[in-house]
Each structure stands twice: as structure tokens, then as C-alpha cells.
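For reference, the chains in residue letters:
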Amino acid sequence: MEKFMRLFAMTPLILLLSLPLAFAGHDYGQALTKSILFFEAQRSGYLPHNQRVTWRANSGLNDGKASGVDLVGGYYDAGDNVKFGLPMAFTVTMMSWSIIEYGKQMAASGELGHAMDAVKWGTDYFIKAHPQPYVLYGEVGDGNTDHYCWQRPEDMTTDRRAYKIDPSNPGSDLAGETAAAMAAASIVFRHSNPAYSSELLRHAYQLFDFADKYRGKYDGSITVAQKYYRSISGYNDELLWAAAWLYQASGNHFYLDYLGRNGDVMGGTGWGMTEFGWDVKYAGVQTLVAKFLMQGRAGLHAPVFERFQQKAEYFMCSCLGKGSRNVQKTPGGLIFRQRWNNMQFVTSASFLATVYSDYLASAGTYLKCSAGNVPPAQLLGFAKSQVDYILGDNPRATSYLVGYGNNYPQRVHHRASSIVSIKVNHAFVSCRGGYATWFSRKGSDPNLLLGALVGGPDAYDNFADERDNYEQTEPATYNNAPLLGILARLHGGHGGYNQLLPEVIPAPNPVVTKPTPAPKPITTPVPASSSGPIAIEQKMTSSWISKGKTYYRYSTIVTNKSGKTLNNLKLSISKLYGPLWGLTKIGDAYSFPSWLNNLPAGKSLEFIYIHSANPADVSVSGYTLA
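As annotated in an unreviewed UniProt entry, the protein chain carries the name Endoglucanase and comes from Melia azedarach.

So this is what it looks like as C-alpha cells:
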């Protein structure tokens, strides 16, 4: 559980290319499986029939009852038994983002269904916690009474009061993050459960409206959260974050315009960050907006979005140690932000580096740092180095993911795992008796908290595996959530997918149907009279079925065959019925993308588009050679 957050500093800027990597050394698939299991150990409420963490039982079954609302369910945030809304919502947002980007890899590992179940456990609770458009319950229980007790969740005797925000007691950061979680999750369930997806999006719309209309920090309304999850950054970052996710989920230009109008005044283009987490969302917003820009979706807001992107790249360069202000690292190479649960910053930063690396690779460009241009592969390599450290490649040869490897924490600061399962011993564990009998034990936890990522080592790579060393041995849901996406990406390798294409989340249990024949790869001839020095080749590279309709992804390669530099290229594209990425539209013609001024002799550029028809007609309508 958190107690303190940090402040950040205003700073300069930074841009983007990448190649696939081959990964070896660790079993990322096994680590992914275990990381998802941790969320089942954190479940509150009535456990489902397919619960795999069998030493846990039902808990918190009267949550919300005194307030006349059903708040049974959701997640305990860390090693305690409180349900804190802000970190829980961030957890669900990051799990959803992991699935949105790397659901294909999760499906190949057989883990997509489990990951989606983990998201739904959170969103089912958020639906209950949002009974009216302008009411959101943001906490059940309180840290003060909870920390006085060491009880397994099944025995709780602590205060389970419910705390809410409403127009008189606003909480824009809490409502904004919950809106982001609901919007991101709506993408996850869009194809497998469209009715549920629509319900989530409806809640997200209402929560954003609530957050934006009635502004205020949530910990001013839910004051019991201040010692544990205080909102240091305020709520502007959550408003931008929610708007970005609502645009991603809905395509509604209201939210795109919100980002364009408010990016400067709300700090999205002003804050150069070196951290990302449950409180400070700016780097996440900047990364998402940079994605919109690279997808060609910025429209009139392109100048503002470019400033978002510069700050996203400031963050990436700082992680690589190639910026004007770099993150601190331990001698063993781990990002170090603070001594209390430092791993949360490691996984969140590594996730942003992973997705941004893939965005750059998809756009065919590179990262510009103050130390020079950086290929995207270096960003992915950085994320891999952090994950490898977590899994045991560190000076202590310790895996900080419980149950992975041969040397991992045995005395986790976690009530449920440190007390014998109620299924093994039904004897009631009292509030203070738990401290006397179980907390003070020197032995290993009786229940293996499989997949839990603990707080991790100090600034010098030192770690003490002691239950009372909560700064280092306590796990948290928001440590694991970003890790899911990175592990799926590293396990899946690079399958030639394009992260700038619209999100298509595969169903967790694919249904085998008769395949629809795809059009054959074709080459579009270029009129020799106007474009002899320029070759254009089109290929269909993938296809999928959505709502009974087959969509095709086409890749088009434009090659300068002349011995001179190609300038002022103008392409004419007709019979185009879908989105296109990798070119800039100027009037009725298309030209070089924003990151490319010309095409040297012998070089090529690629653009892609999607529609449900045969390839578009592409021809050259103008160019100059110099």
C-alpha cells in the first residue's frame, strides 16, 4: 500500500524507428501465467466456481450494505484488506491496455481468457460502485483500522464503511481514472461481449462528464485515503487520460477535441515526466496521444499533439539514459524511484517503453533523444532488461515475482498469504492475534502468493525477505497490471503485427468457421509515362472477420528507383474505403508522412490501409527529382 508520492518537474522535449528482437533466457509465458494468477488471490466477494487460487474463500460479503448499495466484489489493492478505488481503477486500465496491445500474444499463450476475467472482476465492481451518473463509491474499509489488524480477508472484523464522491464532494481524479478503466475495458469486450462493452462505455461517458463538470481532488472528499493514496498530481492528468481512452474506445471527436483544446492548459504538453503510475498519468496520456498522431488521427490538433509526443519521448529518453534528465537506476540497472514499492514504477515505465517501441516500429520511424537518434529496438531492449531483472537477472539472483524461479520472496507482507488458509484451519484469527501468531512468524508463508510482484530492492540492489519489511516485500495489483502486457509481448516475439492498426481483440475461445478466401496479393502497375522512376507494390498482409464482414490490411511499398532524391511526391488514391496510415493528405492527393521530407535514391516508404474491398488504385500524380 502506498503512503507517499513524489513531485515532478517541468522540462523539455524529444521523436521515433525499430526492429524485431529475439528473446531468450526466461520463460515469459510461465511468468505471464503466474502474474495473472495473482489477481485471483486479490479477489474480494463471492469467488467463482473456476477460482484457481483455492486457498482463498469468500470475503467482504456485506460491503456496501450499511450504505444501501451492493459493493461486494472488486480487488484488495495490496497486502491489506481495503478496496481503494483509485489504484484499482488504474490496475484495470493497465490490464485492459495490455490486452488491447497484446491480446493476440496472450491468446497464443492460452491466457487471454484469464486476463479478460481479471479485467471483468474489476469492471463488474465498478458498475456496482457507480449506481447513479454523479455518484461513485471510491473506497470500502479504511487503512487506519485495517492496519491495526492482521487478519485474513475471510475473518475481517475491521470497519467496512463505504466512501463516495458526488457533486457536493467531488473527485475528478477518481472519476476520471474509473472512466478510463471502463472505456479501455469496453475495447477488450467489444467483440466477445458487445452488450457488456456498450454498458461499460455508457458508464465511462457518465463518469467523464461527472469528473469534468464537478471538479475537485477525491482525497478532499474521501479523506481517509490521504495517508495511503493521496492524489499529489491533482486531477488534470486523469481528465486528459480519460478523454484519451474515451476517444480510443468510441472514436467520438468530442474527446479528441478535448485533448486538443486542453492539452496545454492541463499540463499534457507541459510536463516532462520521468515517472508513470496510479497517481501521475501524464506520460501515459502523452504516449496515447502520440499514437493518435502517428495514426494520422490528430486532424487540426496536430500541432498540439506533436507537443504531447515530444513529452512522451522525453519520458522514453529519460528511461534509456539518453535524455536531458534521466531516471535513477540501481548499480544492477533497475529503475529506482523510491524505496517504498519501487517496482510499480519499473513495470509501468517498461510497459510504456514497450508499446512506444512498437508504435515507432509500426510507423517506420525512430526516437529522437538529446543524446542522438535511437532505434525503437532499444526501447524494447530496455523493457526486457527491466523484466529480466525482476525475474532474477540481478546482483542477488533473486526473482521478485513470487513462485517464479528458484529464489523468490518467502515471507511476503500480505495478510491472506501469511495466515493459514481458512479451508485448512477454520479457527478464527483475531485482529491482534494475527500479529502475534502469524505476522511475527519467521517461517515461509503457508500460502504461496503465486505471481505477486513485491516492492523490490533498494537503491543499491539490497533486499530483505522479511514480512515486516513492507517497503520491499508487499505486492500490489498495479505492480502486476502493466507487467502482463510486457510479458505477453516478450513471450510472443514479433509476428509482424502493426500497433497502429485499429484494435481487434481476439475472442478468448475462437470459433472455427469455414475460412473466407482472401484476395490474392497483387501489384499495382504504375503508368510509365508519369512515374517510371517510382515503383509501387501492394500486398494484402492480413485479414479478419468482424460482425460477419471480412476486412483486409494492405501494405503499399513506394520505391525510388532513380539515382536522385525524390521530392514533392504526390499520390492519387481512389477506391479507398477505410483508414490509411503512413501518408499525409494534402487536398485530394497524398504526400510524404510528417516525419519524412524526401526519399533518397533506392529507398522505400510504406503506407497501409484497411477496408473490406479489393486493393485501392494507387498511382503517382506528381514528383520532382533532385
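Once the structure has been displayed, the description carries forward.
(A) How the structure looks around the overall build of the protein chain. Of the regular secondary structure elements, the protein chain holds 17 helices and 13 strands. Whereas a compact globule of 626 residues would reach a radius of gyration of roughly 25 Å, the protein chain reaches 25 Å, a difference of no more than 12%. By principal-axis analysis of the C-alpha atoms, the protein chain measures approximately 90 × 55 × 50 Å. Burial analysis of the protein chain (626 residues in total) assigns 61% to the buried set. Of the accessible surface of the protein chain, which amounts to about 22800 Å², a share of 52% is contributed by carbon and sulfur atoms. Side chains of the protein chain give 56 positive and 48 negative charges; the mean places of these two sets differ by 5 Å.

(B) Fine view of the side chain of Asn394. Looking at where Asn394 falls in the secondary structure, it is placed in the loop between helix 12 (376-390) and helix 13 (415-418). Classification of Asn394 by relative accessible area gives buried; the value is 11%. Here the side chain of Asn394 touches Thr398 through a polar contact of 2.6 Å, landing on its backbone oxygen. Among all residues touching Asn394, those that are not within four sequence positions of it are Tyr389 and Tyr400.

(C) Region of the structure containing unusual backbone geometry. Here Asn341, not a glycine, exhibits a phi torsion of approximately 45 degrees, which is positive. One can find Asn341 in the loop between helix 10 (302-320) and helix 11 (343-363). With a phi angle near 50 degrees, Asn568 is a residue other than glycine that sits in the positive phi range. In this fold, Asn568 is placed in strand 8 (residues 566-574).

Definitions and cut-offs
- Residues numbered from 1 in each chain as written.
- Predicted model: local features only at pLDDT ≥ 70, side-chain atom pairs only at ≥ 80, totals over all residues.
- Heavy atoms only, no water.
- Helix = DSSP H or I, 4+ residues; strand = E, 2+ residues; numbered from the N terminus.
- Rg over C-alpha atoms; globule rule 2.2 N^0.38 Å.
- Buried < 20%, exposed > 50% of the residue type's maximum accessible area, 1.4 Å probe, protein only.
- Areas by Shrake-Rupley, 256 points an atom, 1.4 Å probe, with all protein chains shown as cover.
- Lys, Arg positive; Asp, Glu negative; His and termini not counted.
- Charge placed at Lys NZ, Arg CZ, Asp CG, Glu CD.
- Polar contact = N/O pair within 3.5 Å; in protein donor to acceptor, adjacent residues only side chain to side chain.
- Contact = heavy atoms within 4.5 Å.

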